[in-house]
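So the chains spell out like this:
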Amino acid sequence: MHKFSAFPVHKIPKPIDVHTIRTIMHKVFVYGTLKRNEPNHCLLQDSNNGIGCFVAEGYTKTKYPLIIATKYNIPFILHCPGKGHFVQGEIYDVDDKMLSKLDILEDHPNYYIREIDDIVIKDTLSQCPQEEKCWVYFLKNFKPELLKRPYMDNYSSNGSHGLQYMESNNESVIEDLDDDVTASNTN
Ligand code: PCA
């Protein structure tokens, strides 16, 4: 062992400050099966998928139709701003790895489209409501008849609608789902 350090004590180089190595985080607003106590929430909690940290409850600043569709009873926000309700959900801070896991689950950008939208944070203590720009999974190219379904403001798989979510994770199912909700391309 060296008795004397090569550096006088006051000049010993500082170790790299690990706190300066930042992970880029993204805010995601979830309104469906990814919420707490809903069937896909475990994905956000699984550290093998990356980081998923609860931030706050919130709701969309714009009204949207939140519906359940397909034979698997999947919740969708239809991208039809101004129609429906202010949709309730939860904001999470996620890292790149978690965001790509969520994209796989939602089949973005083929099925759901992930877009930034304004979310109002629910905070009973604050006088003026805070807003956050968050990623939200929308259904954009949808069949117009989906707008005739009942609109919800707060999804729960076990809600009074009786349309409990059924898991679907193989490719034939994805094609099936496309037929159920995606508008056919007329070009
Ligand atoms: N998962 C995403 C979109 C709909 C769904 O079931 C979510 O919870 O926000």
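Notes on the structure follow. Computed from a predicted model, the values in this text were never measured in an experiment. (Residues numbered from 1 in each chain as written. Predicted model: local features only at pLDDT ≥ 70, side-chain atom pairs only at ≥ 80, totals over all residues. Heavy atoms only, no water.)

A few words on the side chain of Arg 114. Among the structural elements, Arg 114 can be located in strand β6 (residues 113–121). Residue Arg 114 is classed as buried on the basis of its relative accessible area of 14%. In terms of polar contacts, Arg 114 uses its side chain to reach the side chain of Asp 103, at 2.8 Å. Once residues within four sequence positions are removed from consideration, Arg 114 is found in contact with Leu 99, Asp 103, His 108, Trp 135, Val 136 and Tyr 137. (Helix = DSSP H or I, 4+ residues; strand = E, 2+ residues; numbered from the N terminus. Buried < 20%, exposed > 50% of the residue type's maximum accessible area, 1.4 Å probe, protein only. Polar contact = N/O pair within 3.5 Å; in protein donor to acceptor, adjacent residues only side chain to side chain. Contact = heavy atoms within 4.5 Å.)

Counting 41 residues, the largest nonpolar core has Tyr 31, Phe 76, Ile 77, Leu 102 and Leu 146 as the members making the most contacts within it. Top element by residues in this core is strand β7 (residues 131–139). It accounts for 5 residues. When neighbours within four sequence positions are excluded, Leu 102 is seen to be in contact with Val 28, Leu 34, Leu 43, Leu 44 and Tyr 137. (Core = buried A, V, L, I, M, F, W, Y, C linked by side-chain atoms within 4.5 Å.)

This part takes up the site of the ligand. The immediate surroundings of the ligand are formed by Val 30, Tyr 31, Gly 32, Thr 33, Leu 34, Pro 75, Glu 106 and Tyr 112. In this structure, an oxygen atom belonging to the ligand sits 2.7 Å away from a side-chain N or O atom of Thr 33. The separation between a nitrogen atom of the ligand and a polar side-chain atom of Glu 106 is 2.8 Å. The protein chains hide 99% of the 260 Å² of surface that the ligand would expose on its own. Using a 2 Å cut-off from the grid points, one finds that the ligand occupies the largest cavity. Residue composition of the shell around the ligand, by class: 5 nonpolar, 2 polar and 1 charged. (Near = heavy atom within 4 Å. Areas by Shrake-Rupley, 256 points an atom, 1.4 Å probe, with all protein chains shown as cover. 1 Å grid on protein atoms, 1.4 Å probe; cavity = no way out; pocket = protein on both sides within 12 Å on 5 of 7 lines; lining within 4 Å. Sits in = over half its atoms within 2 Å of the grid points. Nonpolar A, V, L, I, M, F, W, Y, C, P; charged D, E, K, R; others polar.)

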